[in-house]
Amino acid sequence: MGLAQCLADAFLFLLLLGLTTAQRQVMVQEGPLYRTEGSHVTLWCKVSGYQGPAEQNFQWSIYLPSAPEREVQIVSTVDPSFPYAIYTQRVRGRGIFVERLQGDAVLLHITELQERDAGQYECHTPNTDERYFGSYSAKTNLSVIPDTLSASMAPQALTLMEGDSVELTCEVSKSTAQHTHLSVGWYLLQGAGEHRPEEILTLSKDFILKPGPSYEQRFLEGDVQLNKVGNTMYKLIIRGVKPSDQGQLYCEAAEWIEDPDKTWKDISRKQTQKTSLAVVSQGRDLSVDITAAERSLSEGDTLQLSCVVGASKSSSRHFEVIWLLNEMEVAKVDPHGILTLEEEYKERAKLGQLQAFKQSNTVYVLTISEVGLKDKGTYQCSVSEMKTPGDLHSVQTSASSGIQVNVKPVESPLRLSVSTSTPRVTAGDPLILQCEVQGATGPVSLRWWHLPPQQPGRRVLVATMEQDGTRSLGSAYQDRETRGSLRLEKESSSTFTLEIPSTLGEDDSGQYRCEAMQWSRGRNWTGKGEAAVTVSSMGAGLRAMLGSRIPTVSYGQSFELICHVSANYAMEEVPVSVRWLFQPSQPTGPSQELIRVLPTGTVVWGTAQPHFQWRAQLVKSGTSFRLRIHSALPANEGRYLCEVQVWRRNILPLRQPAASTSSNAVEIKVVLPESKLQVATKDSSVEIGSGNTAIECRIVLARNNSQFAVTWYLLPPLADATPLQMVRVNYNGILEYGSEFSSPAQKSRFLSQRVSSNTFQLHILSANLRDGDTYYCVVEEWLWLVDGWFKLGEGTSGRTTLKFKLREHELQMEKTNHNISAREGEEVTLPCRLQGALLPGTRISATWFQAQSSGRDSALLSVRRDGTVEYPQERLARRLFLRRPSAGDFSLTLGTVERGDEGQYYCRLQKWQQQSEGKDWALQASARSEYTQLATTPPESTVLSRICSSPPLLNFILYLPLVLILLLVLGVFCWYCKSRKSKKGNMTGWMMELQGNEEVKKNLADL
């Protein structure tokens, strides 16, 4: 099992080691790839999962279609002599080279692809790992296809006037067998040298038109277009050419193919011949001047501006005028005099407050009536000359200098005064604000705002009233169940009142702003005023104080608890809830809820004390709440407190309380009636010969209506022994036996009985010498107090000793203490012998005991007078024997001694005599032996037991014969091999000797 587990663990370790070890992997660009002859080609290769240095080396080879099994080396990053001869010249001339992207990734460049470069390319990485594990090369296919792309345009030299249009046509074609896309673009090259061409417009491979940055706006306006005419013709159109368009224009076509990795690659690019474009600009004789009738205005005045255009032959030319305010367009008048306005000025134009018109071909006017503060700033007019009235492109543009217009504010005629009759309120109180508006010449609209001090700069809309009287509430004030029905009224033409029925709390404190607005003289006039309000929390100053005039009450007496509630505000109209809590003097859990009085006056009684409501009375007087408890009981003893909750006024239904507080705790003590119990405490003794007997327990004094519980105790003879509970009779007369007297035999012998109102007796049936001990009783006095029994007190009686009266002549026994030692597992005999002969008609009973530390010795074996044997402890029946070699020998034999048998043993003998035939047997005498001390020792160890108890020795003895036999077999085998080799050598020598003799004989014969 151990070897199998070891092998399994080793295999698992190796498996995990293999899983966690990195595996080298070489990847190359996925093929097949198609590239055109003469193009610049790149192939990437990278390696991962390697060990060793971070910079790996790469070697590129090719397998040509003519010899697919033969490797032709091309280039290496580590070995300059790696290329074969056919590639050596190209590698040295950088026609083929390797670009290192990073330590484990490279790019193979073929600057000018040749037809013979087609084949299968392999990227190989020399091993730097501790062992070969993974892949060290990867392959991809490259096909070389003819370059069939062509692009042509006839070269031209064009000279155009500024604003003219130009059209150029480019012919692009291809005949590639593979699926490819085309892109066609037009470019402008300005200047000489290293100037980069500027993109004009391109039709991408995805058939999307993309203008260059400088032509984007003109493309969006439709002035730059690229159209496909037929299958191979692409036409570029530029309308309204500008001097910036001059230079050399050409067309570039590119052919694209999709690689297996779903990316597109341009495989060929062609440029056409260039067309030279020169743009002649028109003369710049345009001048613009702006004048104002008045530059400094007040709100409500009229602003008039004039724009004068200066140009030769102005009557035959076409101008477009744009009015600007702070460089933002206001209005535009085209060559036909048609007005176009920006969005924010259209409404004012409809009201007749803004006009812009063409007074003549050289004079243009802008008029703004009822100017406001937003109309101040710098005004300009910009004039653009158009070639024709409908042309979208200007020939030239000129702007006037700026003219500064100032607009002075006019003070609002509105004067507002805000006041409040409730500057300081408590949460739940109404808030009343009044706003008086003066200086209004007509209807006004009103807005109320709350400015919370906790959030400076923020304002919360409370309510609005429009000029027509329409009212609306802010979102925070629309819930009527939270604040009530908010009221906004117009008391007179100039007085407005806002009433919030119920404030929430301290968050409603702060400034309340009234804003009035009136439209007059072309603008909105605004006035505002504020008033401060402080709202206190309902928890501010809320206190509850609990008291009682009588903290200690007698059983059955009434007592009163008073809960005084006070706050910093009037409590009379505030909804209040009072909850009375009680914690018993011996708590078994959280506080009990005795009673709860809701704000509506509804009383809810707690369930912890079901009968409490019949003995309790609630009284409310102002802000004081009284709880009267009649006929105090022990269950009423403990700690009381009241918990007060308050709600905001003027809000129904009641939701969460606004504040709560708890009072101090008041402890109430309930004094029970004193116990008058007295029990007879005089010690006594009872002497009997045999049979039944009784022990008496007498009550001297007690209450007439009390009940009693009596517990009987046995006091063992040992001085420090604990009293043993025999039997208990509770106040209901129910018997309960102690653990030592719970057997059926014991229950049948010990009985408790009440023989009179003040006397109890313990009856002992069939009393014997073993019962000769000391007894006493404990009496408990119990009283029924309304809802339960309560213990008033207890008393302990005097001791009663039970003695047996025997005849003068006693049994004669050996009175010697014995000390016996026995080994575990052996048999031992404990002596108990009677001295002298027995008289005729007498019998002996014997009982063996083992002394116990509790004082109540345990009986082991009993022999009745009729000779029957009893085993009080069944588990010892097989090990206990009375051999009785003679009539007076009651020695006990204990078989198979155990360690737990150690201790003191003794026997008790009783002599019985029958008075006459048919009569009962009477106990005549009793005697007890001295103690026999039994000590146990561990069993004697044998050789076999020592061997069995030592695993190493046992293994040595078991395996030694096997080793000896194995050595013996090995020795025999070696002897056998050696013997056989010796015989073979002797045989060879004999044969050589025989052969030599024959040769000698032959030589002699020859002689």
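These figures come from a predicted structure and were not determined experimentally.

Participant: Teacher, can you tell me more about the overall build of the protein here?
Facilitator: Helix and strand content of the protein: eight helices and 75 strands. Here the C-alpha radius of gyration of the protein, 63 Å, is well above what a compact globule of 1007 residues would show, namely 30 Å. Within the protein, counting contacts between residues at least 6 apart in sequence, those at least 24 apart form 59% of the total. A total accessible area of about 55900 Å² is found for the protein, and carbon and sulfur atoms account for 51% of it.

Participant: I keep staring at the environment of Pro938 and nothing clicks. Help me out?
Facilitator: Among the structural elements, Pro938 can be located in the loop between strand S75 (932–937) and helix H7 (943–949). It is 8.8 Å that separates the C-alpha atoms of Pro938 and Ala822, two residues lying 116 residues apart in sequence.

Participant: What am I meant to see in the confidence of the model for the protein here?
Facilitator: Reading predicted coordinates in detail is not appropriate for stretches of low pLDDT. For the protein, the mean per-residue pLDDT works out to 85, and 91% of the residues sit at or above 70. Predicted confidence is poor over residues 10–21, with pLDDT under 50, and the contacts of this stretch with residues over four places away or in other chains come to three contacts. Here residues 999–1007 is a poorly scored stretch, pLDDT under 50, and it has zero contacts once near neighbours within four places are set aside; other chains count.

Participant: Honestly, the state of the cysteines in this entry has me stumped. Any pointers?
Facilitator: Think of a disulfide as a covalent bridge from one cysteine sulfur atom to another cysteine sulfur atom. Counting across every chain of the model gives seven disulfides. Between the sulfur of Cys45 and that of Cys123 lies a disulfide, 2.1 Å long from S to S. When the S-S torsion is -85°, as for the bridge of Cys45 with Cys123, the disulfide is left-handed. Here the residue Cys45 occupies a position in strand S3 (residues 41–48), and Cys123 occupies one in strand S8 (residues 119–124), the gap between them amounting to 78 residues.

Participant: Sorry, what's going on with the pairing of strand S29 (residues 377–386) here?
Facilitator: Walk down a regular strand and you will see the side chains alternate between the two sheet faces. Among the 10 residues of S29, eight are classified as buried, and the element is accordingly described as predominantly covered. Direction of pairing for strand S24 (residues 318–325) relative to S29: antiparallel, over a ladder of eight bridges. If you follow His318 over to S29, its bridge partner there is Met386. The pairing of S29 with strand S31 (residues 403–408) spans three bridges and is classified as antiparallel. For Tyr379, the partnering residue across the bridge sits in S31 and is Ile403. Judged from the five bridges that link them, S29 and strand S30 (residues 394–399) form a sheet pairing that is antiparallel. Of the residues in S30, the one forming a bridge with Glu385 is Gln396.

Participant: Explain the side chain of Glu252 here, please?
Facilitator: With respect to the secondary-structure elements, Glu252 resides in strand S18 (residues 247–258). Judged by its relative accessible area of 14%, Glu252 falls in the buried class. Within the structure, the side chain of Glu252 is placed 2.9 Å from the side chain of Gln271, a separation counted as a polar contact. The contacts of Glu252, once residues within four sequence positions are left out, are Ser183, Val184, Gly185, Tyr187, Arg269, Lys270 and Gln271.

What counts and how
Residues numbered from 1 in each chain as written. Predicted model: local features only at pLDDT ≥ 70, side-chain atom pairs only at ≥ 80, totals over all residues. Heavy atoms only, no water. Helix = DSSP H or I, 4+ residues; strand = E, 2+ residues; numbered from the N terminus. Rg over C-alpha atoms; globule rule 2.2 N^0.38 Å. Contact = heavy atoms within 4.5 Å. Areas by Shrake-Rupley, 256 points an atom, 1.4 Å probe, with all protein chains shown as cover. pLDDT = per-residue confidence, 0-100. Disulfide = S-S within 2.5 Å. Buried < 20%, exposed > 50% of the residue type's maximum accessible area, 1.4 Å probe, protein only. Pairing = 2+ DSSP bridges. Polar contact = N/O pair within 3.5 Å; in protein donor to acceptor, adjacent residues only side chain to side chain.

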